[in-house]
Amino acid sequence: MAIVNRTPDSFHDKGRTFALAKATEAVERAADEGADWIDIGGVPFAPGPEVSAAEELDRVMPVVEAARGLAVVSVDTFRPEVARAVIEAGAGVVNDTSGLRDPAMADAVVGTDAQLVICHSLAAPRTAYPSPRYGDVTEEVGAFLRDRVALALSRGVRPDQIIIDPGHDLNKNTHHSLELTRRLDEIAAIGYPMLAALSNKDFIGETLDRPQQERLAGTLATAVFAILHGARILRVHDVRAHYDAVRMTEAMLGWREPVYTRHNI
């Protein structure tokens, strides 16, 4: 899952794809480099100024239209009205980093073929949550996701529409994210496809003492570990490098044949 953020204050690219032309170029490049899904964001999760629903739609809708037909289109949003509009425009996934803080988000996908990513977080979007505390972070994240999945199902979301995301670094410190990664099998055991959004995150940077633009090697190591422990979707910035890492991992696990075999044949 490639990341294309049409925001001036995005976590990693710092507005590099805020301009529509740059966002469209990023969509085309991601598809060329092997992205199966393209996740389009108009409002970051992190604290920042208010962005209205109308402005969010103005940001994401042209990018949704550009991505249609190139890959599965996902939109990162916490607003049900935005979710409904982008699904109508052809998005196949709604990525809700707020974890159904507004239960109407579940209603937005009911009766459609769109999938819903339910992500663990504690704070409302765009709101600071300093010094989060957990007794057992993996148990608490798992309990949250089970509860949110039950809510989605109770409102009519089909089981095959649901994807779960433990929310690395979202209201978690580096120790929390490392522990959660170490025990990803327990999150995968909830029984729904698991998305891991690890790319260039601070827990990788703090573990390795690497600035944001030098975290690719650590991200790739973490991504492969996540696959081995149950992740089935990786949300990433560097598509080509992850494409190769994922395909190689799949081949070693016996899930994918080599593209060709000439060596010692």
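Heads up: the structure comes first, above all this text.
Residues numbered from 1 in each chain as written. Predicted model: local features only at pLDDT ≥ 70, side-chain atom pairs only at ≥ 80, totals over all residues. Heavy atoms only, no water.

A. Quick peek at the environment of glycine 230. Position of glycine 230 relative to the elements: it lies in the loop between α9 (216-228) and β8 (231-234). For glycine 230, a relative accessible area of 17% gives the class buried. Between the C-alpha atoms of glycine 230 and aspartate 136, which are 94 residues apart in sequence, the distance is 20 Å. Excluding residues within four positions of it along the chain, glycine 230 makes contact with Ala188 and Met194. (Helix = DSSP H or I, 4+ residues; strand = E, 2+ residues; numbered from the N terminus. Buried < 20%, exposed > 50% of the residue type's maximum accessible area, 1.4 Å probe, protein only. Contact = heavy atoms within 4.5 Å.)

B. Representation of the nonpolar core. Membership of the largest hydrophobic core comes to 61 residues, with the highest contact counts inside it found for Ile38 and Ile164. Contacts of isoleucine 164, omitting those with residues within four sequence positions, involve Ile118, Leu145, Val149, Ile187, Ile190, Tyr192, Pro193, Met194 and Leu195. (Core = buried A, V, L, I, M, F, W, Y, C linked by side-chain atoms within 4.5 Å.)

C. Representation of the packing of aromatic side chains. For the structure shown, the criterion picks out 0 aromatic pairs. Over the ring of phenylalanine 144 we find arginine 148; its NZ or CZ atom is 5.9 Å from the centre of that ring. Above the ring of tyrosine 243, the side-chain terminus of arginine 247 is found at 4.4 Å from the ring centroid. (Phe/Tyr/Trp six-rings, centres within 6.5 Å; stacked < 30°, edge-to-face > 60°. Lys NZ or Arg CZ within 6 Å of the ring centre and 35° of its normal.)

D. Up close: the packing of α9 against helix α10 (residues 239-252). Taken N-terminus to C-terminus, the directions of α9 and α10 make an angle of 35 degrees; their axes are 10 Å apart at the nearest point. Of the two possible hands of crossing, α9 and α10 adopt the one that is right-handed. For the pair formed by α9 and α10, the contact residues are Leu216, Thr219, Leu220, Ala223, Val224, Ile227 and Leu228 on the first element and Ala241, His242, Ala245, Val246 and Thr249 on the second. Residue classes in the contact of α9 with α10 are distributed as 9 nonpolar, 3 polar and no charged. (Axes fitted to C-alpha atoms, helices over the stretch in contact; angles between N-to-C directions. Left-handed = near helix turned anticlockwise from the far one by under 90°. Nonpolar A, V, L, I, M, F, W, Y, C, P; charged D, E, K, R; others polar.)

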